[in-house]
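Analysis of the macromolecular model
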Amino acid sequence: MSSSAGKPHLGHGTGGPPHNARPAPLVESPAARVVWAIARLSLGWVFVWAFLDKAFGLGHETPAAKAWINGGSPTEGFLKSATKGPLASAYQGMAGAVWADWLFMIGLAAAGVALMLGIGMRIAAVAGTVLLVMMWSAVLPPENNVFMDYRLIYAILLIGLALVRAGDTLGLGRWWERTALVRRCPVLK
């Protein structure tokens, strides 16, 4: 202890951090980890809800009569009537195609489940970003801004969630990373 200040001296050899030590990045703090996990769960729910509503016609955006399980097409309504801009005709040509319906629904379900569980964050980020950017490009220009809308913000958030390993907190990310499958194929982290 330094007798002049009455406080412990935290230099080398006294049990304190070295003078050149830096605090952990803010993103690694427990509070930040929880916020990233809540963002991951929230965005995961956006994907899961969209899948459930389109698959089962829960009545929010999709009436029961137009549910996928009742023969409805999850892509037809949006791609036929909501598309605009330079890519509208390309997207309208995909409207209601069986392959488009399957890819769209698999993408929603896979990204949503991966985010909710905190596993496969890299693939969820890539697949979800592709899906969101395609949805954004189907309505150019967006309604409320020259180019930016919530789909691009969600895509950026998806990438950020993967980069900060948001699946490790309140999720199964650490367990998933230790599985034999992921150790053989690290891209699945």
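Details of the structure are given in the entry above.
Now for a look at the structure at hand. Please read these numbers as outputs of a predicted model, since none were measured by experiment.

Turning our eyes to something else, we now look at the overall build of the chain. Within the chain, the secondary structure is distributed over eight helices and zero strands. Of the regular secondary structure in the chain, the N- to C-terminal order runs α-α-α-α-α-α-α-α. Out of the 189 residues belonging to the chain, those deemed buried represent 35%. Residue pairs at least 24 apart in sequence account for 60% of intrachain contacts in the chain once pairs closer than 6 positions are excluded.

Glancing now at the nonpolar core. General note: in soluble globular proteins, nonpolar side chains tend to be found buried as a group. Membership of the largest hydrophobic core comes to 18 residues, with the highest contact counts inside it found for Leu 43, Phe 47, Leu 108, Leu 115, Leu 158 and Leu 161. Listing elements by their share of this core, those giving two or more residues are α1 (30-56), α4 (98-117), α5 (121-137) and α6 (150-163). Per element, the largest residue contribution to this core is five residues, and it comes from α4.

Moving on, we come to the pattern of salt bridges. Applying the stated criterion across every chain yields a total of five salt bridges. In this structure, the salt-bridge partner of Arg 151 is Asp 149, at a minimum N-O distance of 2.5 Å. Owing to a relative accessible area of 11%, Asp 149 belongs among the buried residues under this scheme. Residue Glu 177 pairs with Arg 165 through a salt bridge whose shortest N-O separation is 2.4 Å. Note that Glu 177 is positioned in helix α7 (residues 173-178) and Arg 165 in the loop between α6 and α7, a separation of 12 residues in sequence. Accessibility expressed as a relative area gives 37% for Arg 165, which makes it partly exposed. Overlapping salt bridges bring together Arg 165, Asp 168, Glu 177 and Lys 189 as one network.

Basis of the calculations
- Residues numbered from 1 in each chain as written.
- Predicted model: local features only at pLDDT ≥ 70, side-chain atom pairs only at ≥ 80, totals over all residues.
- Heavy atoms only, no water.
- Helix = DSSP H or I, 4+ residues; strand = E, 2+ residues; numbered from the N terminus.
- Buried < 20%, exposed > 50% of the residue type's maximum accessible area, 1.4 Å probe, protein only.
- Contact = heavy atoms within 4.5 Å.
- Core = buried A, V, L, I, M, F, W, Y, C linked by side-chain atoms within 4.5 Å.
- Salt bridge = Lys/Arg side-chain N within 4 Å of Asp/Glu carboxyl O.

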